[in-house]
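Coordinate inspection notes
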Amino acid sequence: MTDNTEPSRTVTASRDIAAAPDRVFELIADPAAQPLWDGNENLAKAAAEQRVRAVGDVFTMTLTTGADRDNRIVEFEEGRRIAWLPSEPGKQPPGHLWRWELEPIDETHTRVTHTYDWSRLTDEKRLVRARATTPAKLRASLDRLAEIAERQ
């Protein structure tokens, strides 16, 4: 018997990081730092001075393929939550969302939850890559983020 069910379109991973919430959040909210901890190995670079501060902000990221992506901030709470919808420059987002949520454990430890939600993804050519984004890839980002945050 074959299981033809669609995998979950929301993928999540969590990890406790031995760093203060503001330190961890700064690494996430600064696009120039994101390629350092990207577990999907999809991000090449982002210009400096794009630090996210509010819903409605847009930052541009260059992917490892050389393509640029505009990322529209749709959720934001300083030090606690940030989420964005990526799209090709000048186009509407195709419906996938990246979210980071931080929960302070104490002054020097933070529980971080990373979510990739492609439940509203409409672009057929992105479905293969969306399906390939697993909890293990999200966990790789969390592990790299922890390594950077914990040593600084």
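Please read these numbers as outputs of a predicted model, since none were measured by experiment. (Residues numbered from 1 in each chain as written. Predicted model: local features only at pLDDT ≥ 70, side-chain atom pairs only at ≥ 80, totals over all residues. Heavy atoms only, no water.)

**Details of the packing of aromatic side chains**
What counts is decided by this rule: Note on aromatic contacts: the rings of Phe and Tyr and the six-membered ring of Trp form a pair at centre separations within 6.5 Å, being stacked when their planes are under 30 degrees apart, edge-to-face when over 60 apart, and tilted otherwise. Comment: elements are numbered from the N terminus, with helices defined as DSSP H or I runs of at least four residues and strands as E runs of at least two.
In total, this model carries four aromatic pairs according to the counting rule given. Measuring from centroid to centroid gives 5.7 Å for Phe-25 and Phe-76, while their planes differ by 65°, and the two rings are edge-to-face. Highlighted residues: Phe-25 in helix H1 (residues 21-29) and Phe-76 in strand S4 (residues 68-77), separated in sequence by 51 residues. Both rings, one in Trp-37 and one in Trp-100, keep their centres 5.0 Å apart while their planes meet at 75°; by these two values the pair is edge-to-face. Pair noted here: Trp-37 is in helix H2 (residues 34-37) and Trp-100 is in strand S6 (residues 97-106), with a separation of 63 residues, a long-range link.

**With respect to helix H4 (residues 135-151)**
Basically, it comes down to this: Here, expected helix span is obtained from the residue count minus one, scaled by 1.5 Å. Buried, partly exposed and exposed residues are distinguished by accessible area as a fraction of the type maximum, computed with a 1.4 Å probe on protein chains only: under 20%, between the cut-offs, and over 50%, respectively. Contacts between residues were defined by any pair of non-hydrogen atoms, one from each residue, lying within 4.5 Å.
The end-to-end C-alpha distance of H4, which contains 17 residues, comes to 24 Å, matching closely the 24 Å that a straight helix rising 1.5 Å per residue would cover. Taken together, the buried positions of H4 are Leu-138, Ser-141, Leu-142, Leu-145, Ala-146, Ile-148 and Ala-149. Where H4 is buried, its residues meet strand S1 (10-17), H1, H2, S6 and strand S7 (109-117).

**Comments concerning the pairing of strand S5 (residues 81-87)**
Selection criterion: Two strands make a pair as long as DSSP finds a minimum of two bridges between them.
Counting buried positions over the seven residues of S5 gives five, a clear majority of the element. The pairing of S4 with S5 spans seven bridges and is classified as antiparallel. What sits directly across from Ile-73, in S5, is Trp-84. With antiparallel pairing between neighbouring strands as the criterion, S4 and S5 make up a hairpin whose turn holds three residues, including Gly-79 at a positive phi of roughly 80°. As paired strands, S5 and S6 are joined by four bridges and run antiparallel to one another. Within S6, the residue paired with Ala-83 across the bridge is Arg-99.

**Describing the pattern of salt bridges**
To keep it simple, the criterion reads: Any Lys or Arg side-chain nitrogen found within 4 Å of a carboxyl oxygen on Asp or Glu counts as a salt bridge.
If you walk through the whole model with that rule in mind, you get 14 salt bridges. In this structure, Arg-111 engages Asp-16 in a salt bridge whose closest nitrogen and oxygen atoms are separated by 2.8 Å. Of this pair, Arg-111 sits in strand S7 while Asp-16 is found in strand S1, placing the two residues 95 residues apart along the sequence. Arg-111 gets classed as partly exposed once you look at its relative accessible area, which sits at 33%.

**Points about the layout of surface pockets**
The condition that has to hold: Cavities and pockets are defined on a 1 Å grid built over the protein atoms alone: a cavity is a set of grid points where a 1.4 Å probe fits but cannot escape, while a pocket is an open set with protein on both sides within 12 Å along at least five of seven lines, and lining residues are those with an atom within 4 Å of any such point. Grid points are joined across faces, edges and corners, and a volume is the space filled by probe spheres set on the points.
Taken as a whole, the largest pocket holds about 610 Å³ of empty space. Taken together, 29 residues make up the lining of the largest pocket; nearest its centre are Asn-42, Leu-63, His-96, Trp-98 and Arg-129. Counting only elements with at least two residues in the lining of the largest pocket, the list comes to H2, strand S3 (58-63), S4, S5, S6, S7, helix H3 (127-132) and H4.

**Concerning the pairing of S3**
Looking at chain direction, strand S2 (residues 43-45) and S3 are connected through two bridges and run antiparallel. Residue pairing for S3: Leu-43 is matched across the bridge by Leu-63. Relative to S4, S3 runs antiparallel, the two sharing five bridges. By the bridge assignment, Val-58 is partnered in S4 with Arg-72. Counting the residues in the hairpin turn of S3 and S4 gives four residues, including Gly-66, whose phi is positive at 95°.

**Regarding the nonpolar core**
Quick reminder of the rule: Definition of nonpolar core: a set of buried residues of the types Ala, Val, Leu, Ile, Met, Phe, Trp, Tyr and Cys, connected through side-chain atoms within 4.5 Å.
Within the largest apolar cluster, 36 residues are counted, with the highest numbers of intra-cluster contacts made by Val-24, Ile-28, Ile-82 and Trp-100. A per-element tally of this core places H4 first, with six residues. Apart from residues no more than four positions distant in its own chain, Ile-28 is found in contact with Gln-34, Trp-37, Ile-82, Trp-84, Trp-100, Leu-102 and Leu-145.

Geometric values such as these leave the question of function open.
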